[in-house]
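Letter by letter, the chains look like this.
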Amino acid sequence: MKPFFFIILLIVFSLTPAYADIYKYLDENGVLCYTDVPFGKKADRIHKDKGKDSAAPATAKYLKASYRTRSNSDRYASRYHAIVHEKASAYNVDPSLIKAVIKTESNWNCRAMSRKGAMGLMQLMPGTANDLNVHNPFDPEENIEGGTKYLKYLLEHFNGNLTLALAAYNAGPKAVEKFGYVPPFSETKQYVKKVLALYNGGTPYARTVSDAVKEKKTDPIYKIILDDGTVLFTNSTFLSKNSPRF
């Protein structure tokens, strides 16, 4: 049986901003733990706080957290531009879609961690990260590659249906398969709506003319109202007959 993976996050409150290194280790039960205080455990440091060492390696520039305003997050997005396009090309996924997911998931904060344990730019759950061979989910390149690979899998699993793939990214493939459409969860509905809005016309980062030329033309998105009143956004032409195009 595979060991269960949990996240240990120790938060220290103070009057000044707190930063810390992040370590990972296996406890006596074989559980993979992430923490900023290893308590004498034989742990591997997977992230070094740049604030502690001004002579940090060049790759540390990708690890600086975005704890500032939303407008600043767009500025940080340019740091990962090259990584996104590299992984998009490797897995044949539209880079604009990856950027929309990152913007929605973490607002470009490479050290983001949700209450459920999702980690990094594309908010990978521990089990998903393990399945994708992402050893350090807080490393931007590993995280973006894992998230892009997972997006590609979901798009293929749901026959190119972008709406269902995004719903599965948020709620899990089993939830989408159970209902056969976007699950009736407010969080998932809002998530799909936000990603599609960014993907189809939002500005998750400052695009240039050269960027637009490099990115291939995307498929049109159709709005479909199902028999139960559910609104479905999809790029599949199978259900798109006589449906308005976005």
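All of the points below concern the structure found in this document. (Residues numbered from 1 in each chain as written. Predicted model: local features only at pLDDT ≥ 70, side-chain atom pairs only at ≥ 80, totals over all residues. Heavy atoms only, no water.)

### Thoughts on the overall build of the protein
Moving on, step 1. The helix and strand tally for the protein stands at nine helices and five strands.
Moving on, step 2. For the protein, contacts bridging at least 24 residues in sequence account for 48% of all contacts bridging at least 6.
Moving on, step 3. Entry remark: accessible area of the protein is about 14,100 Å², with carbon and sulfur atoms responsible for 54%. (Helix = DSSP H or I, 4+ residues; strand = E, 2+ residues; numbered from the N terminus. Contact = heavy atoms within 4.5 Å. Areas by Shrake-Rupley, 256 points an atom, 1.4 Å probe, with all protein chains shown as cover.)

### Here's the deal with the packing of aromatic side chains
Moving on, step 1. All told, the structure shown has five aromatic pairs when counted by the stated rule.
Moving on, step 2. Between Tyr 80 and Trp 108 the ring centres are 6.1 Å apart and the planes differ by 5°, which places this aromatic pair in the stacked class. In this pair, Tyr 80 is assigned in the loop between α1 (70–77) and α2 (81–91) and Trp 108 in the loop between α3 (95–106) and α4 (126–131), connecting sequence segments 28 residues apart. The exposure classification of Tyr 80 matches that of Trp 108, with both residues buried.
Moving on, step 3. Considering the side-chain rings of Phe 179 and Tyr 181, the 6.2 Å spacing of their centres and the 55° angle between planes classify their relative orientation as tilted.
Moving on, step 4. Put simply, the rings of Tyr 150, Tyr 153 and Tyr 169 pair up and form one aromatic cluster. (Phe/Tyr/Trp six-rings, centres within 6.5 Å; stacked < 30°, edge-to-face > 60°. Buried < 20%, exposed > 50% of the residue type's maximum accessible area, 1.4 Å probe, protein only.)

### Regarding the pattern of salt bridges
Moving on, step 1. Considering all chains together, one arrives at five salt bridges under this definition.
Moving on, step 2. Lys 87 is paired through a salt bridge with Glu 86; the nearest N and O atoms lie 3.6 Å apart.
Moving on, step 3. Glu 145 is paired through a salt bridge with Lys 87; the nearest N and O atoms lie 3.4 Å apart. Of this pair, Glu 145 sits in helix α5 (residues 140–157) while Lys 87 sits in helix α2, placing them 58 residues apart in sequence.
Moving on, step 4. Residue class for Lys 87 comes out buried when judged on its relative accessible area of 6%.
Moving on, step 5. Here the salt bridges do not stand alone but share partners, grouping Glu 86, Lys 87, Glu 141 and Glu 145 into one network. (Salt bridge = Lys/Arg side-chain N within 4 Å of Asp/Glu carboxyl O.)

### Details of the side chain of Lys 103
Moving on, step 1. Along the chain, Lys 103 turns up in helix α3.
Moving on, step 2. Given a relative accessible area of 10%, Lys 103 falls into the buried group.
Moving on, step 3. Polar side-chain contacts of Lys 103 include one of 2.9 Å to the side chain of Asn 107. (Polar contact = N/O pair within 3.5 Å; in protein donor to acceptor, adjacent residues only side chain to side chain.)

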